[in-house]
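Structure assessment
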Amino acid sequence: HRDLHSFPTRRSSDLLDAAIVSYGRLLQQNPDHAGVHYVCAVLAGDAPVATLPEYVPRPAPFVIINNFLSRRAHDELLQMTDGLRECFEPSTVGTGERQARNTDIRKTRLIKKIENTKFENWFVRQITDSLSDIRPRLYIDAFDIGMIDLQITTHHDGDFYTKHIDVGKIGSGTERRRVSVVYYYHWQPNAFEGGDLLLYDSVRYTELGFTRIAPSDNCILFFPAIIGAKSHGSIVKAKISRAAALP
(Lines give C-alpha, C1' and ligand atoms only; values in the text may rest on other atoms or scores of the structure.)
Protein backbone atom coordinates (compact mmCIF):
# COMPACT_ATOMS: atom_id res chain seq x y z
CA HIS A 1 0.00 0.00 0.00
CA ARG A 2 1.01 3.63 -0.31
CA ASP A 3 2.49 5.54 2.65
CA LEU A 4 2.48 9.12 3.93
CA HIS A 5 4.73 10.27 1.04
CA SER A 6 2.38 8.98 -1.64
CA PHE A 7 1.17 12.43 -2.71
CA PRO A 8 4.22 14.74 -2.45
CA THR A 9 3.49 16.49 -5.73
CA ARG A 10 0.08 17.59 -4.53
CA ARG A 11 1.43 18.90 -1.21
CA SER A 12 4.35 20.69 -2.90
CA SER A 13 2.21 22.18 -5.67
CA ASP A 14 -0.58 24.69 -5.19
CA LEU A 15 -3.07 21.85 -4.65
CA LEU A 16 -3.27 21.87 -0.86
CA ASP A 17 -7.01 21.18 -0.86
CA ALA A 18 -6.48 18.28 -3.25
CA ALA A 19 -3.74 16.91 -0.99
CA ILE A 20 -6.12 16.98 1.98
CA VAL A 21 -8.67 14.96 -0.02
CA SER A 22 -6.02 12.49 -1.25
CA TYR A 23 -4.60 11.85 2.22
CA GLY A 24 -8.14 11.51 3.57
CA ARG A 25 -8.81 8.72 1.10
CA LEU A 26 -5.49 7.12 2.05
CA LEU A 27 -6.55 7.24 5.70
CA GLN A 28 -9.78 5.42 4.86
CA GLN A 29 -7.72 2.67 3.25
CA ASN A 30 -5.19 2.59 6.10
CA PRO A 31 -7.08 3.60 9.28
CA ASP A 32 -4.31 2.30 11.57
CA HIS A 33 -1.43 4.10 9.82
CA ALA A 34 -0.02 6.60 12.35
CA GLY A 35 1.84 8.52 9.65
CA VAL A 36 -1.28 9.11 7.57
CA HIS A 37 -3.20 10.21 10.68
CA TYR A 38 -0.43 12.73 11.39
CA VAL A 39 -0.38 14.16 7.84
CA CYS A 40 -4.18 14.49 7.71
CA ALA A 41 -4.19 16.36 11.02
CA VAL A 42 -1.35 18.67 9.94
CA LEU A 43 -2.82 19.56 6.54
CA ALA A 44 -6.22 20.29 8.04
CA GLY A 45 -4.81 22.16 11.06
CA ASP A 46 -6.72 19.82 13.35
CA ALA A 47 -6.04 18.82 16.93
CA PRO A 48 -2.77 16.90 17.31
CA VAL A 49 -2.52 13.14 17.08
CA ALA A 50 0.22 10.90 18.44
CA THR A 51 3.62 12.16 17.31
CA LEU A 52 5.80 10.09 15.02
CA PRO A 53 9.28 8.75 15.86
CA GLU A 54 11.95 11.39 15.21
CA TYR A 55 13.55 9.34 12.45
CA VAL A 56 10.37 9.50 10.33
CA PRO A 57 10.35 12.52 7.95
CA ARG A 58 7.03 14.32 8.23
CA PRO A 59 5.35 17.52 7.11
CA ALA A 60 5.84 20.59 9.28
CA PRO A 61 2.72 21.41 11.30
CA PHE A 62 0.94 24.67 10.57
CA VAL A 63 -2.37 26.39 11.24
CA ILE A 64 -4.13 28.79 8.89
CA ILE A 65 -6.90 31.18 9.96
CA ASN A 66 -8.82 32.86 7.15
CA ASN A 67 -10.59 36.22 7.52
CA PHE A 68 -8.38 37.04 10.50
CA LEU A 69 -9.24 40.75 10.61
CA SER A 70 -12.61 42.37 10.27
CA ARG A 71 -13.10 43.97 6.86
CA ARG A 72 -12.93 47.43 8.44
CA ALA A 73 -9.64 46.71 10.24
CA HIS A 74 -8.20 45.04 7.12
CA ASP A 75 -8.96 48.08 4.93
CA GLU A 76 -7.68 50.46 7.60
CA LEU A 77 -4.41 48.52 7.77
CA LEU A 78 -4.02 48.67 3.99
CA GLN A 79 -4.51 52.43 3.99
CA MET A 80 -2.00 52.86 6.81
CA THR A 81 0.58 50.72 4.99
CA ASP A 82 0.02 52.56 1.72
CA GLY A 83 0.92 55.80 3.48
CA LEU A 84 4.25 54.35 4.67
CA ARG A 85 5.80 53.56 1.29
CA GLU A 86 8.78 55.86 1.94
CA CYS A 87 9.47 54.21 5.30
CA PHE A 88 10.34 50.75 3.94
CA GLU A 89 14.04 49.87 4.04
CA PRO A 90 16.00 47.06 2.38
CA SER A 91 15.93 43.92 4.53
CA THR A 92 19.02 42.39 6.12
CA VAL A 93 20.08 38.93 7.30
CA GLY A 94 21.99 37.95 10.41
CA THR A 95 21.88 39.54 13.85
CA GLY A 96 23.87 42.06 15.86
CA GLU A 97 27.20 43.11 14.35
CA ARG A 98 26.84 40.48 11.63
CA GLN A 99 23.60 41.97 10.34
CA ALA A 100 23.99 43.01 6.71
CA ARG A 101 22.24 43.12 3.34
CA ASN A 102 22.67 40.01 1.23
CA THR A 103 20.47 39.91 -1.86
CA ASP A 104 21.62 36.37 -2.62
CA ILE A 105 19.72 35.26 0.48
CA ARG A 106 16.97 37.79 0.87
CA LYS A 107 15.52 40.59 -1.24
CA THR A 108 12.59 42.39 0.41
CA ARG A 109 11.79 45.73 2.01
CA LEU A 110 10.49 46.16 5.55
CA ILE A 111 9.56 48.39 8.44
CA LYS A 112 11.15 46.96 11.59
CA LYS A 113 9.16 48.99 14.08
CA ILE A 114 5.44 49.64 13.78
CA GLU A 115 4.71 53.11 15.11
CA ASN A 116 0.93 52.70 14.98
CA THR A 117 0.11 51.66 18.55
CA LYS A 118 -3.48 50.78 17.66
CA PHE A 119 -2.52 48.02 15.23
CA GLU A 120 0.51 46.89 17.22
CA ASN A 121 -1.62 46.34 20.34
CA TRP A 122 -4.38 44.72 18.29
CA PHE A 123 -2.06 42.16 16.70
CA VAL A 124 -0.30 41.38 19.97
CA ARG A 125 -3.64 40.77 21.68
CA GLN A 126 -5.09 38.67 18.85
CA ILE A 127 -1.96 36.54 18.47
CA THR A 128 -1.64 36.03 22.22
CA ASP A 129 -5.28 34.98 22.51
CA SER A 130 -4.94 32.58 19.56
CA LEU A 131 -1.80 30.80 20.75
CA SER A 132 -3.42 28.84 23.58
CA ASP A 133 -5.52 26.96 21.02
CA ILE A 134 -2.96 26.88 18.22
CA ARG A 135 0.18 25.89 20.18
CA PRO A 136 -0.77 22.21 20.72
CA ARG A 137 -1.77 21.92 17.06
CA LEU A 138 1.82 22.90 16.22
CA TYR A 139 3.14 20.16 18.54
CA ILE A 140 4.86 22.78 20.71
CA ASP A 141 5.09 22.44 24.49
CA ALA A 142 3.58 25.17 26.67
CA PHE A 143 5.72 28.28 27.16
CA ASP A 144 5.41 31.79 28.58
CA ILE A 145 5.32 34.53 25.95
CA GLY A 146 8.17 36.93 26.65
CA MET A 147 7.99 39.07 23.52
CA ILE A 148 6.11 39.38 20.24
CA ASP A 149 8.06 41.17 17.51
CA LEU A 150 5.99 42.76 14.76
CA GLN A 151 7.18 44.17 11.46
CA ILE A 152 5.72 44.94 8.05
CA THR A 153 7.40 43.46 4.98
CA THR A 154 6.59 44.10 1.34
CA HIS A 155 7.70 42.06 -1.65
CA HIS A 156 7.91 43.39 -5.18
CA ASP A 157 8.49 41.62 -8.48
CA GLY A 158 11.28 39.06 -8.13
CA ASP A 159 11.73 39.47 -4.36
CA PHE A 160 12.38 36.39 -2.24
CA TYR A 161 13.77 34.89 0.97
CA THR A 162 15.74 31.67 0.53
CA LYS A 163 15.41 28.61 2.74
CA HIS A 164 16.10 29.42 6.38
CA ILE A 165 15.20 28.60 9.97
CA ASP A 166 13.84 31.34 12.22
CA VAL A 167 15.74 30.18 15.32
CA GLY A 168 19.34 31.40 15.51
CA LYS A 169 22.41 30.22 17.37
CA ILE A 170 22.80 30.70 21.13
CA GLY A 171 23.76 34.30 21.79
CA SER A 172 22.16 35.61 18.59
CA GLY A 173 19.09 36.90 20.42
CA THR A 174 16.84 34.64 18.33
CA GLU A 175 17.49 31.30 20.01
CA ARG A 176 14.35 31.53 22.18
CA ARG A 177 11.88 31.90 19.32
CA ARG A 178 9.06 29.38 19.37
CA VAL A 179 6.37 30.38 16.88
CA SER A 180 6.49 32.21 13.55
CA VAL A 181 3.42 34.02 12.28
CA VAL A 182 2.72 35.50 8.84
CA TYR A 183 -0.29 37.69 8.12
CA TYR A 184 -1.01 38.34 4.42
CA TYR A 185 -2.95 41.34 3.21
CA HIS A 186 -3.15 43.10 -0.13
CA TRP A 187 -5.42 45.18 -2.29
CA GLN A 188 -8.20 43.56 -4.28
CA PRO A 189 -8.32 42.45 -7.00
CA ASN A 190 -5.07 40.55 -6.62
CA ALA A 191 -2.37 42.36 -8.64
CA PHE A 192 0.40 39.75 -8.39
CA GLU A 193 1.18 36.10 -9.05
CA GLY A 194 3.21 33.72 -6.91
CA GLY A 195 4.23 34.66 -3.39
CA ASP A 196 4.04 31.07 -2.16
CA LEU A 197 5.59 30.02 1.14
CA LEU A 198 7.33 26.63 1.35
CA LEU A 199 7.34 24.83 4.70
CA TYR A 200 9.94 22.06 4.64
CA ASP A 201 9.52 18.67 6.27
CA SER A 202 11.53 17.72 9.35
CA VAL A 203 14.80 19.25 8.17
CA ARG A 204 17.07 17.12 10.34
CA TYR A 205 16.26 14.10 8.22
CA THR A 206 15.21 15.22 4.76
CA GLU A 207 15.27 18.21 2.44
CA LEU A 208 13.09 16.67 -0.23
CA GLY A 209 9.55 17.30 0.95
CA PHE A 210 7.70 20.53 1.63
CA THR A 211 4.20 21.95 1.81
CA ARG A 212 3.43 24.89 -0.48
CA ILE A 213 1.11 27.53 0.94
CA ALA A 214 -0.23 30.22 -1.36
CA PRO A 215 -0.79 33.71 0.10
CA SER A 216 -4.42 34.59 0.65
CA ASP A 217 -5.68 38.04 1.53
CA ASN A 218 -6.57 38.49 5.23
CA CYS A 219 -5.08 35.11 6.11
CA ILE A 220 -2.72 34.38 9.01
CA LEU A 221 -0.35 31.42 9.18
CA PHE A 222 1.25 29.93 12.32
CA PHE A 223 4.13 27.42 12.27
CA PRO A 224 7.01 26.38 14.56
CA ALA A 225 9.97 28.75 14.33
CA ILE A 226 12.38 25.81 14.13
CA ILE A 227 10.94 24.70 10.77
CA GLY A 228 12.89 25.38 7.58
CA ALA A 229 11.05 27.74 5.26
CA LYS A 230 11.48 29.54 1.96
CA SER A 231 9.42 32.26 0.34
CA HIS A 232 8.96 33.70 -3.10
CA GLY A 233 7.26 37.07 -2.94
CA SER A 234 5.89 36.42 0.53
CA ILE A 235 7.47 36.62 3.96
CA VAL A 236 8.81 34.17 6.46
CA LYS A 237 10.44 36.36 9.06
CA ALA A 238 12.45 35.12 12.02
CA LYS A 239 9.89 36.74 14.30
CA ILE A 240 6.17 36.76 14.78
CA SER A 241 5.46 38.99 11.80
CA ARG A 242 3.07 40.17 9.17
CA ALA A 243 3.46 40.79 5.47
CA ALA A 244 2.03 43.23 2.95
CA ALA A 245 1.91 43.04 -0.81
CA LEU A 246 1.53 46.57 -2.11
CA PRO A 247 0.03 47.37 -5.52
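Everything numeric in this text was worked out from a predicted model, so none of it was measured. (Residues numbered from 1 in each chain as written. Predicted model: local features only at pLDDT ≥ 70, side-chain atom pairs only at ≥ 80, totals over all residues. Heavy atoms only, no water.)

The secondary structure content of the protein amounts to five helices and twelve strands. Every one of the 247 residues in the protein was classed for burial, and the buried ones make up 46%. Within the protein, counting contacts between residues at least 6 apart in sequence, those at least 24 apart form 73% of the total. (Helix = DSSP H or I, 4+ residues; strand = E, 2+ residues; numbered from the N terminus. Buried < 20%, exposed > 50% of the residue type's maximum accessible area, 1.4 Å probe, protein only. Contact = heavy atoms within 4.5 Å.)

Okay, the environment of Ile220 next. By the secondary structure assignment, Ile220 is in strand β10 (residues 219-224). Ile220 gets classed as buried once you look at its relative accessible area, which sits at 0%. When the C-alpha positions of Ile220 and Val181 are compared, they lie 7.0 Å apart, and in sequence the two are 39 residues distant. With residues near it in sequence (within four places) discarded, Ile220 still touches Val63, Ile64, Ile65, Phe68, Ile127, Val181, Val182 and Tyr183.

Grouped together as the largest cluster of nonpolar side chains are 26 residues, with contacts concentrated most on Leu77, Phe123, Ile127, Tyr183 and Phe222. Mapped onto this core, the elements with two or more residues apiece are α4 (71-82), α5 (117-137), β7 (179-186) and β10. When residues of this core are assigned to their parent elements, the largest contribution, five residues, is made by α5. (Core = buried A, V, L, I, M, F, W, Y, C linked by side-chain atoms within 4.5 Å.)

With that settled, the discussion passes to unusual backbone geometry. The omega angle of the peptide bond from Gln188 to Pro189 is 0 degrees, so this bond is cis rather than trans. Phi is positive for Asn67, close to 55 degrees, though the residue is something other than glycine. For Asn67, the location among the structural elements is in the loop between β1 (63-66) and α4. Residue class for Asn67 comes out exposed when judged on its relative accessible area of 60%. Despite not being glycine, Tyr139 shows a phi value in the positive range, around 60 degrees.

So, about the pattern of salt bridges. Per the counting criterion, the structure on display carries five salt bridges. Ionic pairing is found between Arg85 and Asp82, a salt bridge with its closest N-O pair at 2.7 Å. Arg85 gets classed as partly exposed once you look at its relative accessible area, which sits at 37%. Judged by relative accessible area, which is 29%, Asp82 ranks as partly exposed. (Salt bridge = Lys/Arg side-chain N within 4 Å of Asp/Glu carboxyl O.)

Take the packing of aromatic side chains next. Under the counting rule described, the total for this entry stands at eight aromatic pairs. Relative to Phe123, the ring of Trp122 lies with its centre 5.9 Å away and its plane at 75 degrees, an arrangement referred to as edge-to-face. Overall, Trp122 belongs to the partly exposed group, its relative accessible area being 22%. Between the aromatic rings of Tyr183 and Tyr185, the centroid separation amounts to 5.4 Å while the plane-to-plane angle is 25 degrees, which identifies the pairing as stacked. Take Tyr183: its relative accessible area is 0%, and that puts it in the buried class. Its relative accessible area of 1% is what places Tyr185 among the buried residues. Grouping aromatic residues by their ring pairs yields a cluster made of Phe68, Trp122, Phe123, Tyr183 and Tyr185. Against the face of Tyr200 rests Lys163, its NZ or CZ located 4.2 Å from the ring centre. (Phe/Tyr/Trp six-rings, centres within 6.5 Å; stacked < 30°, edge-to-face > 60°. Lys NZ or Arg CZ within 6 Å of the ring centre and 35° of its normal.)

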